[in-house]
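Take a look at the letters that make up each chain.
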Amino acid sequence: CTVIFTRLATRDLHKPISILFCNLAVSDLFTSFSGFWISLLFITNPDITIFGSQDMLAPYALYTTSILSTIYNLVSIGIERYLAVAESMRTRFRVARNHSIAVVFVSWVLAFFLGCLPLMGWNCLHAERNISVLYSPFCVNYLVLVTMPNVVVAFLVPLFTYLRIIIILRKRKLRMQACGQATGTYKSAETQVARTSISIWLLALVSYAPFLAGVIFDATNRRCHTDLYPGVYVFRNCTAMLITITCLGNPLLYTLKLRALGARLKAPRCPRGCAV
């Protein structure tokens with residue numbers, strides 16, 4: 001919410017990357033809300049979160065949609081940063097505001113379509129043979145189809161884009177060194193991008209790898225719910241907490257700078273032209 005407020009209250013929203021940052025915050029907000037909804041269902045009736053019921057379809061669908069939207073946003077931000085850095089090198093394509101709006105629209109449409117497939121009938125409420133043990137009443141084949149390619153994309157695309165950014169910045173620094181010019185700016189940018197990209201990739205790895213492992217276990221497991229209780233469900237809850245940590249980590253990595261956060265929050269109160 002702080003990210004959304006600061007982005008809307010300042011003039012940065014006209015930048016393409018700010019639209020993606022704001023949309024990422026919205027996706028994280030939906031993830032937190034759907035996770036809270038599932039937690040309330042667990043508190044009121046724990047059995048339906050283990051054995052599954054009609055009541056779990058809507059919160060699980062919203063949870064899946066928000067996670068997919070977050071993944072697509074992370075990938076879009078990595079690609080936008082790469083295009084912005086590589087613009088003066090080899091490409092003439094410039095990311096405009098309309099492009100970011102189109103990416104946001106397409107990502108939400110795709111996320112809603114894939115996330116709401118169980119609500120459209122692809123569930124195992126009446127077919128227990130293919131039912132998921134961890135996320136009943138979802139079907140195992142649905143989880144595999146949605147999870148595998150998207151998690152792989154979340155790992156590989158940011159890794160490639162940020163590595164390419166670091167390589168481009170290093171080439172520019174070496175070129176300026178050969179011309180006898182100062183390279184402090186490029187060295188600082190390279191260090192900052194390297195630290196941020198490593199943090200982003202590690203956060204995605206820590207957050208989504210256990211979830212992927214749980215889906216793989218779900219697909220290969222043939223035991224019933226009671227045989228796996230409670231250990232496997234403790235693991236499921238831990239994966240959900242790791243995804244929530246991602247929602248907390250994304251604003252810190254992408255948007256909120258602790259030193260500048262106070263100034264951004266005070267900026268809307270100041271009249272035009274005043275010093276902050």
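Scroll up for the structure.
The structure presented is a predicted model; accordingly, all values stated were derived computationally and were not measured.

## Notes on a nonpolar patch on the surface
Consideration 1: Judged by side-chain polarity, Phe36, Leu40, Phe42 and Ile43 come together as a nonpolar surface patch covering roughly 420 Å² of accessible area.
Consideration 2: With respect to the helices and strands, the residue Leu40 is situated in helix 2 (residues 16–44).

## Regarding the packing of aromatic side chains
Consideration 1: Under the counting rule described, the total for this entry stands at nine aromatic pairs.
Consideration 2: Between Phe33 and Trp37, the aromatic rings sit 6.4 Å apart at their centres with planes inclined by 45°, giving tilted as the arrangement. In this pair, Phe33 and Trp37 are both assigned in helix 2, four residues apart and thus about one turn of the helix distant.
Consideration 3: Taking relative accessible area as the criterion, Phe33 reaches 48% and is therefore assigned partly exposed.
Consideration 4: A connected cluster of aromatic rings, assembled from ring pairs, spans Tyr60, Trp122, Tyr135, Phe138, Tyr142 and Phe211.

## So, the packing of helix 4 (residues 57–86) against helix 5 (residues 97–115)
Consideration 1: Where helix 4 meets helix 5, the closest approach of the two axes is 8 Å, and the angle between their N-to-C directions is 145°. Both helix 4 and helix 5 take part in a crossing whose hand is right-handed. The residues of helix 5 that touch helix 4, namely those facing Ala61, Thr64, Thr65, Leu68, Ser69, Tyr72 and Ser76, are Val103, Ser107, Trp108, Leu110, Ala111, Phe112, Leu114 and Gly115.
Consideration 2: Classifying every residue of the contact of helix 4 with helix 5 gives nine nonpolar, six polar and no charged.

## Remarks on the side chain of Ser132
Consideration 1: Mapped onto the fold, Ser132 is located in the loop between helix 5 and helix 6 (140–178).
Consideration 2: Residue class for Ser132 comes out buried when judged on its relative accessible area of 0%.
Consideration 3: Reaching out from Ser132, the side chain makes a polar contact with the side chain of Asp218 at a distance of 2.2 Å.

## Side note on the nonpolar core
Consideration 1: If you look at the biggest cluster of nonpolar residues, it comprises 36 residues, and the most contacted ones within it are Tyr135, Phe138, Tyr142 and Tyr208.
Consideration 2: Broken down by secondary-structure element, the contributors of at least two residues to this core are helix 2, helix 3 (46–51), helix 4, helix 5, helix 6, helix 7 (184–220) and helix 9 (231–254).
Consideration 3: By residue number, the principal contributor to this core is helix 4, which donates seven residues.
Consideration 4: In terms of nonpolar packing, the next biggest core, distinct from the first, is built from 18 residues, Phe21, Leu24, Trp108 and Ile168 among them.

## A closer look at the packing of helix 2 against helix 5
Consideration 1: With their axes 8 Å apart at the nearest point, helix 2 and helix 5 run at an angle of 20° to one another. In terms of orientation, helix 2 and helix 5 fall into the roughly parallel class. Of the two possible hands of crossing, helix 2 and helix 5 adopt the one that is right-handed. In this structure, helix 2 uses Pro16, Ile19, Leu20, Asn23, Val26, Ser27 and Phe30 to contact helix 5, whose residues at the interface are Arg97, Ser100, Ile101, Val103, Val104, Ser107 and Trp108.
Consideration 2: Grouping the amino acids of the contact of helix 2 with helix 5 by side-chain chemistry returns nine nonpolar, four polar and one charged.

Parameters and conventions
Per-chain numbering applies: the sequence of each chain, read as written, is numbered from 1 onward. Local features in this predicted model are restricted to residues of pLDDT 70 or higher, and side-chain atom pairs are both shown and tallied only at a pLDDT of 80 or more, whereas totals for entire chains, interfaces and linings draw on every residue. Excluded from the side-chain calculation are hydrogens and water; included are all heavy atoms of the structure. By definition, no residue in a patch forms a salt bridge, and every one has over 30% relative accessible area; like charges are joined within 9 Å, nonpolar side chains (Val, Leu, Ile, Met, Phe, Trp, Tyr) within 5 Å. In this description, accessible areas are obtained by the Shrake-Rupley approach with a 1.4 Å probe, and a residue is regarded as covered only by the protein chains that are shown. Salt bridges are defined as contacts in which a side-chain nitrogen from Lys or Arg sits within 4 Å of a carboxyl oxygen from Asp or Glu. Per the convention used, a helix needs a DSSP run of H or I reaching at least four residues, while a strand needs a run of E reaching at least two, with both numbered from the N terminus. The rule is short: rings of Phe, Tyr and Trp, with Trp giving its six-membered ring, pair when the centres are within 6.5 Å, and they are stacked under 30 degrees, edge-to-face over 60, tilted in between. Each residue gets one of three labels from its accessible area relative to the maximum for its type: buried under 20%, exposed over 50%, partly exposed in between, using a 1.4 Å probe on protein chains only. An axis is simply a line fitted to the C-alpha atoms; with a helix, the fit covers only the stretch in contact. Between two such axes, the angle follows the N-to-C directions and lies from 0 to 180 degrees. Crossing handedness is read from the near helix: turned anticlockwise from the far helix by less than a right angle, it gives a left-handed crossing, and turned clockwise, a right-handed one. When checking whether two residues touch, look at their non-hydrogen atoms; a contact exists if any pair is within 4.5 Å. Each residue receives one of three labels: charged for Asp, Glu, Lys and Arg, nonpolar for Ala, Val, Leu, Ile, Met, Phe, Trp, Tyr, Cys and Pro, and polar for the others, Gly being one of them. We define a polar contact as two N or O atoms separated by no more than 3.5 Å, with the added condition that, inside protein, one atom must be a possible hydrogen donor and the other a possible acceptor, whereas residues neighbouring each other in sequence contribute only through side-chain atom pairs. Nonpolar cores were defined as sets of buried Ala, Val, Leu, Ile, Met, Phe, Trp, Tyr and Cys residues, with membership established by side-chain atoms within 4.5 Å. Reported orientations rely on four angle classes, namely roughly parallel under 35 degrees, roughly antiparallel over 145, roughly perpendicular from 65 to 115, and oblique for the rest.

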